[in-house]
Amino acid sequence: MVPPMGIGVGVAGRVGLALMAGALAALLVGAAPAAAARAVRPRVSAALPASVFVGSRVAVAGRVVPMGGGSRVVLEQRSGASWRILVGSRLGGAGRFSLSWRTPGRPGRISIRVAVIRGSRLLASTPVKRVVVGPRPLVVAPGLVVSVPAPGEPGVVVLHARLTSASARGASAGCPVLAVPPQVGQVLAIGYGPATPDGSLTKISLVRVRPPCSISFGVVPATLEEAVGSNGGDLDLATFSQVGAASASRAHTAGVSASAFSPSVSKAVSCSSGASASLSGSVSVGVTPSLHAHFSVFGGLTSAEFALTGTASASLSATVHASSGCTLNSTPLLAHPLHIATFAGAIGPVPVVVTLQGQLYVDASLAASADATSGLSAKASITGGVAYSKGLFSRIFTGPSASFNFNPPTLSGEAQAAAHVEPALQALLYGVAGPQLSVSTGPEFKADTASNPWWTLDAPLKVQASLTAPVLNLNSGKLTLYSERFHITDAGGPLGGGSSGGGTGVGGGGGGTAISPAPGTIAAGDYNTCALVTSGGVDCWGENEAGQLGNGTTSGIATPVTVTGLAHATMVSVSGSNDACAAMRS
């Protein structure tokens, strides 16, 4: 009997569906490993250098995530349309690896990458890196040098030496031999010596041999990054030796901290109407410098820091004769910066020379209706400088611990005067402009017969620094580390004010509301200031939340108040935010 048509079709349909389901299941099972493989495709990261020296050993480190069993990591070099394996390694813990690569023996440019492979199959790779392969730096003994160009300038380096090649035939037996043949494009490094007191760091652009015993190089300025290359390293002034002195010493010893910069100040100021004005004084700076730079094997200069720790003292008096207006723009007083100290060291095989020098700047703006004079001396202990890391500059500053001595203005009429002295210290690398720190202060007084008080004496204190060094490829510009204006003293009242606290002419008078204008000492902290007055007492002003003004209250005040219970003080000191003390006469 023939089955009903409907039943036959149903059976066939079920069989067909079963076959289709099996085929679909097989497809899904086969596709799962492929999808899983795509999902776990590894990623590789590695730090590759931009430049290397010929024949050097370079470590290439990185990581593969996820690790994947049976895979290898390799360093490859492009050769035409294909890639050639230079070195390979199995993955370590957490997928980390380190490949030791011997760079090519000839200068040139190559393309490299790090790849993850399984068998002959490429699983992942880093972007292709174009690498410059250059000659190692040529380090020349300073004793061979006849002459070098000015620091930071192109020119010619002349050596008293010969090559070992046949071109040097006829040279005298006493002519020194330059063992390594020079090459165009090679960095030429020379340390401290008679002909190179600043050292020299240049790049060779031309080589000329002049028998029997002379070699000349055309050179252009080079950077330390070019000299250090893929070797990396650290410049640390604390490991350098001081040279050019009676005895060498380490940069962190007393020999360097005693390095002093002590010029005197004597400068006439240009005036109108035939009048005259002058500035006089002195400066003394004692510092310990610190300079550090880190060169990564792959990232070039990654961090740098320059700072000076020390004490600067400056005194400045301004005098105006007759009615006049006088101006002096910021002017260097020294014809040439004064050499303070020279330090010699090295980054690996590359010699480095750092010179510390000082210059003194003064400026003034003086106007008076009659003769006038005033003077101020200041002393500040600070640590200041600039740091560089990951492309950003930041300030380094601690302090100041500052004190002021003053003479009240001598005047008999209206006057307005500002005079500043600014010692600036700079570290030079190979004689080329380097990081700098400066401290500026000076008297600023104003006399107005209609004002109360009728004259005032203030003192600004500004500390600035820069981390600018072509040899390091850095330029921070000038950064202000600290800027404060201290009120030193005033007349205590209006001109002729008598017992109400006013002045009666030169020096003020009466029971004024400010510091006695007679010579005294000022000490400034972070938020308050104290002054030793001629009676032996101490006046303080500023913030007072901890009772640091010593007047029995915790209310701050902008005008001086007398410290309770002090009558025989000989010296006053203020430190930080909350501490003040006085030395007493027994």
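One can find the structure itself at the top, above this paragraph.
Residues numbered from 1 in each chain as written. Predicted model: local features only at pLDDT ≥ 70, side-chain atom pairs only at ≥ 80, totals over all residues. Heavy atoms only, no water.

K.L.:
I'd like a rundown of the state of the cysteines, residues and numbers included.
P.N.:
For the structure on display, the rule yields two disulfides. Across the disulfide from Cys175 sits Cys213; the S-S distance is 1.8 Å. The disulfide joining Cys175 to Cys213 has a torsion of about 90° about its S-S bond and is therefore right-handed. Within this pair, whereas Cys175 is found in the loop between strand 12 (155-159) and strand 13 (187-190), its partner Cys213 is found in the loop between strand 14 (200-210) and strand 15 (214-221), the two being separated by 38 residues in sequence. Relative accessible area serves as the criterion here: at 4%, Cys175 is assigned to the buried category. Among the residues examined, Cys213 registers a relative accessible area of 13% and is labelled buried. (Disulfide = S-S within 2.5 Å. Helix = DSSP H or I, 4+ residues; strand = E, 2+ residues; numbered from the N terminus. Buried < 20%, exposed > 50% of the residue type's maximum accessible area, 1.4 Å probe, protein only.)

K.L.:
Outline the environment of Gly431, supporting the account with residue identities and numerical values.
P.N.:
Relative to the helices and strands, Gly431 is located in the loop between strand 27 (415-429) and strand 28 (436-441). Along the chain, Gly431 and Ala150 lie 281 residues apart, while their C-alpha atoms are 8.4 Å from each other. Those residues in contact with Gly431 that sit more than four places away from it in its chain are Pro151 and Asp198. (Contact = heavy atoms within 4.5 Å.)

K.L.:
I'd like a description of the environment of Ala433, backed by residues and values.
P.N.:
Residue position: Ala433 is located in the loop between strand 27 and strand 28. Residue classification places Ala433 among the partly exposed residues on the basis of a relative accessible area of 43%. In the structure, Ala433 is positioned 282 residues away from Pro151 in sequence and 9.0 Å away in space, judged by C-alpha atoms. Among residues more than four places away in sequence, those in contact with Ala433 are Gln426, Ala427, Leu428, Thr468, Ala469 and Pro470.

K.L.:
Run through the environment of His292, naming residues and quoting values.
P.N.:
By secondary structure assignment, the location of His292 is in strand 20 (residues 276-296). Here His292 falls in the partly exposed class, since its relative accessible area comes to 28%. Expressed as a C-alpha distance, the spacing of His292 and Leu235, which sit 57 residues apart in the sequence, is 5.2 Å. Discounting residues that sit within four places of it in the chain, His292 has contacts with Asp234, Leu235, Asp236, Ser303, Ala304 and Glu305. Within the structure, the side chain of His292 is placed 3.4 Å from the side chain of Asp234, a separation counted as a polar contact. (Polar contact = N/O pair within 3.5 Å; in protein donor to acceptor, adjacent residues only side chain to side chain.)

K.L.:
Break down the sheet that holds strand 1 (residues 43-46) for me, with residues and values.
P.N.:
Sheet architecture is open: three strands sit in the order 1-3-6, paired in antiparallel fashion. Pairing within the sheet leaves two strands with one partner each, and these edge strands are strand 1 and strand 6 (96-102). The mean angle between the axes of side-by-side strands here comes to 30°, regardless of whether they run parallel or antiparallel. Bridging between strand 3 (residues 57-65) and strand 6 involves seven bridges; their strand directions are antiparallel. Opposite Gly62, over in strand 6, you have Phe97 as the bridge partner. (Pairing = 2+ DSSP bridges. Axes fitted to C-alpha atoms, helices over the stretch in contact; angles between N-to-C directions.)

K.L.:
Give a detailed account of the pairing of strand 31 (residues 474-490), specifying residues and quantitative values.
P.N.:
Examined bridge by bridge, strand 30 (residues 455-469) and strand 31 share 13 bridges and lie antiparallel to one another. Across the sheet, the residue bridging to Leu461 is Glu484, located in strand 31. Where strand 30 folds back onto strand 31 in an antiparallel hairpin, the turn is made up of four residues, including Asn473, whose phi is positive at roughly 60°.

K.L.:
Break down unusual backbone geometry for me, citing the residues and quoting the values.
P.N.:
Here the amide bond leading from Gly399 into Pro400 is cis, since omega sits at -5°, within 30 degrees of zero. By secondary structure assignment, the location of Pro400 is in strand 26 (residues 392-411). Here the bond from Asn452 into Pro453 is cis, since omega is 0°, no more than 30 degrees from zero. With a phi angle near 55°, Tyr430 is a residue other than glycine that sits in the positive phi range. Of note, Tyr430 is situated in the loop between strand 27 and strand 28. With a relative accessible area of 2%, Tyr430 lands in the buried category. Its identity is not glycine, yet Asn473 carries a phi of approximately 60°, on the positive side. With respect to the helices and strands, Asn473 occurs in the loop between strand 30 and strand 31.

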